[in-house]
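Given next are the chains, with one letter for each unit.
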Amino acid sequence: MDPLWIVLIVVGVIVLVVLFWFFGTYNTLVMLRNQAKNAWAQIDVQLKRRHDLIPNLVETVKGYAKHEKGTLEAVVEARSKAVNASGVAQQAAAEGELSNALSRLMVVVEQYPDLKANQNFMQVQEELTSTENKISFARQAYNDQVMVYNTKTQMVPSNIVAGIGHFEQMELFELKDEEQREAPQVKF
Amino acid sequence: MLCPECRVEMLVLEHEDIEIDFCDECGGIWLDEGELELLAGENGAPSPVASALASNANAKGKGRRPCPVCSKKMILADIDLGDSASTENRFVEIDKCPKGHGMWFDKGELGQIISASGGGESVIAFLGSLFGSG
Amino acid sequence: MWEAIKANKRKSIVLIACMGLLLLALGGAIGGFWFGTQDPRPAVFGALVAGAIWFIMTLIALSQGRNILLAVSGAREVSKKDAPQLHNIVEEMRIAASLPATPRVFIMEEKAPNAFAVGSPDNAAVAVTTGLLSILSRDELQGVVAHEIGHIKNQDSQFMTIAGVMVGTIVIIADIFTRSVFYGAMFGGRRRSRSSSEGGNLQIIVFVLALVLAILAPILANIIYFACSRSREYLADACSAVFTRYPEGLASALEKISGARVPLVAANRVTSPMYIVPPMLAASGSDDGASGDFILSTHPPTSERIKILRTMGSTVGLAAYNQAFKNVTGKNVIGATSLRSDEELRMRGVTPEQKPVDVKKQTREATDILHRLNGFLFIPCSCGVRIKVPPTFSKNDLKCPRCGTIHNIDEVKKNQPGG
């Protein structure tokens with residue numbers, strides 16, 4: 001056979017392999033990005049759920065703990081800030097503040113045994129505890145996904161595909177400090 | 001659960017986190033094995049009522065009522081309420097499941113148990129606080 | 001970390017293929033045994049029949065298995081309204097595991113503390129006993145649920161069904177074969193005479209091979225099956241640590257569960273591998289599997305599982321689990337290739353005070369779920385007694401046996417929303 005043909009075939013095979021690898025990597029990146037986006041949607045769902053629970057909680061507490069106006073107002077204010085926040089970093093900060101305000105409220109509530117025995121309050125409390133947990137687990141799942149995705153976009157050789165396909169780094173959902181990080185895990 | 005005497009569904013009464021089954025027709029009660037365990041659980045002192053359930057040594061023969069859990073004929077047994085009980089009330093005859101699922105007190109037996117002082121016996125104290133002096 | 005699942009899947013496929021080859025070889029050897037070895041057709045036919053039996057049984061098991069298992073164990077589905085906390089915990093772990101759908105939640109009325117999961121990631125069910133709800137704290141329950149969600153995420157239920165059916169098929173075929181050989185020899189009706197003159201050597205080899213396979217195949221298949229089951233238990237434990245970021249929850253739950261020596265009434269040999277700890281062992285009161293026939297056990301020794309979880313320290317990734325496993329047993333449990341990039345998973349901030357579990361109160365909460373399922377009406381009497389009225393109660397007025405207060409059933413119903 002003509003050596004030119006052999007060269008052409010070899011080059012053709014190499015081009016095919018590279019193409020397969022390129023599309024395969026591209027698809028993997030798309031899949032990882034979508035998984036991370038899904039995980040983010042989960043956080044969003046749970047954050048909204050928490051925002052919805054707070055008015056109910058505040059109403060219930062008001063009836064029993066009239067002297068805790070300041071603490072309650074702080075919760076309401078933190079909630080409205082969190083509702084209006086936009087962007088991962090700003091949202092994370094606002095939600096962290098809301099978590100802190102809530103845990104302060106729960107410390108105060110300890111002084112009202114009647115309130116703690118109230119059926120409605122106990123229901124809201126379980127829902128809120130669980131929503132806090134769900135937020136932190138959703139954040140955990142999101143961060144795990146983002147970490148995998150970011151690693152893939154940075155590593156050689158998949159970073160080449162990421163560069164050509166405009167796969168940008170995603171932000172981690174981090175709370176500011178250790179204290180805040182632990183706040184969502186508080187059990188009431 | 002069905003009352004072993006009247007065959008109607010019993011009510012469930014919860015008092016101090018313990019449940020008993022109570023027949024609204026005949027006033028008898030069923031004490032479940034698990035509930036007896038919960039009652040005896042914390043103080044750990046061997047209760048004559050609970051230990052009567054565990055052993056078949058004091059059995060006096062077959063009764064006619066079926067166990068509401070397994071439908072096996074229950075056996076009759078004497079419970080020794082101890083020295084602190086008055087002499088005529090010292091022994092109470094009750095029905096108990098041969099497989100240890102629980103014990104049945106009819107209305108008269110229940111009254112007898114409650115009127116016995118029982119010396120800190122957890123089951124008697126519980127039944128006393130639930131049905132006594134009412 | 002999901003690399004681990006991929007590695008696991010590959011391993012599973014290899015093992016299933018090994019078992020499949022064993023099954024086909026057995027079928028082929030039997031075909032050759034009965035219908036001669038002059039040409040390969042009887043052997044191929046035997047292998048095809050064996051494969052077909054397995055295929056049909058697997059189809060039935062996969063389509064109906066979940067419902068059958070749930071029915072056999074006496075599990076009943078509970079709504080979020082009836083068991084809010086349990087539902088919340090399942091939902092939390094669903095989120096942590098990023099499962100596409102929330103598993104359905106079931107409760108078994110059993111004093112023995114135990115739990116199991118069945119189904120695929122997008123259609124699963126988690127079942128727990130009332131005994132489990134009575135003795136575990138929220139963190140411990142979360143650890144157990146996370147272990148079960150780990151099984152779902154790793155698709156263990158399906159794999160163990162496929163493998164289990166294959167073991168079953170091998171055992172049945174081998175059994176029928178050895179019996180027929182035995183009776184055939186007893187009554188002298190051997191078909192061998194026809195072919196005794198031709199192809200002598202090959203024929204003898206096939207005979208011996210068929211008999212050896214019939215004896216060895218069931219044992220081999222069982223060993224493979226139990227080894228798979230055990231390694232999947234470890235992986236589910238590791239997943240529990242990763243999902244909850246708190247291995248101590250599962251560790252102390254396992255301690256409590258193995259400490260309770262109550263037999264699980266509805267469990268049997270078939271359902272046993274599904275549970276978080278083997279129900280039969282707890283029932284027999286023997287040690288937790290550390291002694292005895294370890295090779296033929298579906299679960300690793302519970303004491304070892306606890307020790308591994310407690311050795312993990314403050315990093316909770318799969319790599320950390322593998323390291324802890326290595327420290328305890330000296331071996332690897334998760335394929336080394338799958339351990340990358342999860343080094344920085346840290347244990348979560350621990351709940352500041354741990355209240356001791358109020359078993360009495362939690363027992364009431366668990367049994368109340370069942371009462372609600374059974375349609376009981378709850379009447380809190382002012383004297384402190386809670387009266388739970390069965391739906392078959394026919395009278396309209398109910399006198400409290402303690403204080404004599406009359407409660408009107410209709411009125412109570414009216415005042416209870418949704419009651």
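Here we take up the overall build of chain A. Along its length, chain A carries seven helices and zero strands. The secondary structure elements of chain A, listed N-terminal to C-terminal, are α-α-α-α-α-α-α. Computed over its C-alpha atoms, the radius of gyration of chain A comes to 25 Å, more than 25% above the 16 Å expected for a compact globule of 188 residues. Along the longest, intermediate and shortest principal axes, the C-alpha atoms of chain A span 95 × 25 × 25 Å. Buried positions account for 44% of the 188 residues belonging to chain A. Expressed as a percentage of contacts within chain A between residues at least 6 apart in sequence, the contacts between residues at least 24 apart total 77%. Approximately 10,300 Å² of chain A is accessible, and the part contributed by carbon and sulfur atoms is 60%.

On to the confidence of the model for chain A, then. All names here are of chain A. Looking at chain A, pLDDT values average 84 and 93% of them are 70 or higher. Of all the helices and strands in chain A, helix H7 (residues 178-182) carries the lowest mean pLDDT, 43, while helix H1 (residues 3-64) carries the highest, 91. Long-range and interchain partners of residues 177-188, a stretch whose pLDDT sits below 50, account for 33 contacts in this model, where long-range means more than four residues apart.

Residues and elements named next belong to chain B. Neither face of strand S7 (residues 102-105) is exposed, since Gly102 and Trp104 on one face and Met103 and Phe105 on the opposite face are all buried. Bridge count for strand S3 (residues 29-32) against S7 is four bridges, and the pairing is antiparallel. The residue of S7 that forms the bridge with aspartate 32 is glycine 102. Pairing between strand S6 (residues 91-96) and S7: two bridges, direction antiparallel. Pairing of aspartate 95 across the sheet is with tryptophan 104, part of S7.

One broad rule of soluble globular proteins: the nonpolar side chains tend to lie buried together. By size, the foremost hydrophobic cluster in this structure holds 75 residues, and its most contacted members are Val144(C), Ile149(C) and Tyr321(C). Excluding residues that lie within four positions of it along the chain, Tyr321(C) makes contacts with Tyr234(C), Asp237(C), Ala238(C), Ile308(C), Leu309(C), Met312(C), Val333(C) and Ile334(C).

Residue and element names in this part refer to chain B. A surface patch of positive charge is lined by Arg7, Lys62, Lys72, Lys73 and Lys99. Structurally, the position occupied by arginine 7 is in the segment before strand S1 (11-15). What makes arginine 7 partly exposed here is its relative accessible area of 47%.

Adjacent strands of a sheet pair through backbone hydrogen bonds, lying either parallel or antiparallel. Residues and elements named next belong to chain C. One open sheet holds the four strands; their spatial order is S1-S2-S4-S3, and the pairing between them is mixed. At either end of the open sheet lies a strand with only one pairing partner, and these are strand S1 (75-77) and strand S3 (115-120). Averaged over neighbouring strand pairs, the angle between their axes works out to 25° when direction is ignored. Judged from the five bridges that link them, strand S2 (residues 104-108) and strand S4 (residues 123-129) form a sheet pairing that is parallel. In the sheet register, valine 105 faces S4, and the bridge partner there is valine 126. The strands touched by helix H5 (residues 138-153) within the sheet are S3 and S4, with S3 carrying the most contacts at an inclination of about 25°.

Counting from both sides, the interface comprises 24 residues of chain B and, opposite them, 23 residues of chain C. Linking chain B with chain C are eight salt bridges. The partner of Glu19(B) in a salt bridge is Arg364(C), with the nearest N and O atoms 3.4 Å apart. For the side of chain B that touches chain C, the secondary-structure elements that each account for two or more residues are S1, strand S2 (18-22), helix H1 (33-41) and helix H4 (122-131) of chain B. In terms of residue class, the side of chain B that touches chain C is built from nine nonpolar, four polar and eleven charged. Bridge count between S1(B) and strand S6 (residues 386-389) of chain C: three bridges; the pairing is antiparallel. Bridge pairing in S6(C) places Val12(B) opposite Lys388(C).

All names here are of chain A. At a minimum axis separation of 8 Å, H1 and helix H5 (residues 119-154) run at an interaxial angle of 160°. On the basis of the axis angle, H1 is roughly antiparallel to H5. Read as a crossing pair, H1 and H5 show a hand that is left-handed. Tallied by class, the residues present in the contact of H1 with H5 amount to 20 nonpolar, eleven polar and eight charged.

As a further point, take the sheet that holds strand S5 (residues 73-80) of chain B. What the nine strands build is an open sheet, ordered S4(B)-S5(B)-S6(B)-S7(B)-S3(B)-S2(B)-S1(B)-S6(C)-S5(C); its pairing is antiparallel. Only two strands of the sheet have a single partner each, and these edge strands are strand S4 (59-66) of chain B together with strand S5 (377-380) of chain C. Sheet twist, expressed as the average angle between the axes of neighbouring strands with direction ignored, equals 30°.

All names here are of chain C. With 16 residues, H5 should cover 22 Å at 1.5 Å per step; its first-to-last C-alpha distance of 22 Å lies within 8% of that length. Along H5, 16 of the 16 residues are buried, which leaves the element largely enclosed by surrounding structure. At the exit of H5 stands glutamine 155, carrying a positive phi of roughly 55°.

Before going further, it helps to examine the packing of aromatic side chains. Applying the stated criterion across every chain, the model contains nine aromatic pairs over all chains. Pairing Phe22(A) with Tyr26(A) gives two aromatic rings, centres 6.5 Å apart and planes at 20°, and the pair type is stacked. Of this pair, Phe22(A) and Tyr26(A) both sit in helix H1, separated by four residues, roughly a single helical turn. Judged by relative accessible area, which is 21%, Phe22(A) ranks as partly exposed. Accessibility expressed as a relative area gives 31% for Tyr26(A), which makes it partly exposed. Ring centres of Phe33(C) and Phe177(C) lie 5.2 Å apart, and the angle between their planes is 90°; this geometry places the pair in the edge-to-face category. Pair noted here: Phe33(C) is in helix H1 (residues 3-35) and Phe177(C) is in helix H6 (residues 156-187), with a separation of 144 residues, a long-range link. You can call Phe33(C) buried: its relative accessible area is 6%. For Phe177(C), a relative accessible area of 2% translates into the label buried. Through a chain of ring-to-ring contacts, three or more aromatic side chains come together here, namely Phe22(A), Phe23(A), Tyr26(A) and Phe167(A).

What counts as what
Residues numbered from 1 in each chain as written. Chains lettered and ligands numbered in written order. Predicted model: local features only at pLDDT ≥ 70, side-chain atom pairs only at ≥ 80, totals over all residues. Heavy atoms only, no water. Helix = DSSP H or I, 4+ residues; strand = E, 2+ residues; numbered from the N terminus. Rg over C-alpha atoms; globule rule 2.2 N^0.38 Å. Buried < 20%, exposed > 50% of the residue type's maximum accessible area, 1.4 Å probe, protein only. Contact = heavy atoms within 4.5 Å. Areas by Shrake-Rupley, 256 points an atom, 1.4 Å probe, with all protein chains shown as cover. pLDDT = per-residue confidence, 0-100. Pairing = 2+ DSSP bridges. Core = buried A, V, L, I, M, F, W, Y, C linked by side-chain atoms within 4.5 Å. Patch = residues over 30% accessible without salt bridge, like charges linked within 9 Å, V, L, I, M, F, W, Y side chains within 5 Å. Salt bridge = Lys/Arg side-chain N within 4 Å of Asp/Glu carboxyl O. Lys, Arg positive; Asp, Glu negative; His and termini not counted. Charge placed at Lys NZ, Arg CZ, Asp CG, Glu CD. Axes fitted to C-alpha atoms, helices over the stretch in contact; angles between N-to-C directions. Nonpolar A, V, L, I, M, F, W, Y, C, P; charged D, E, K, R; others polar. Parallel < 35°, antiparallel > 145°, perpendicular 65-115°, else oblique. Left-handed = near helix turned anticlockwise from the far one by under 90°. Expected span 1.5 Å × (residues − 1). Phe/Tyr/Trp six-rings, centres within 6.5 Å; stacked < 30°, edge-to-face > 60°.

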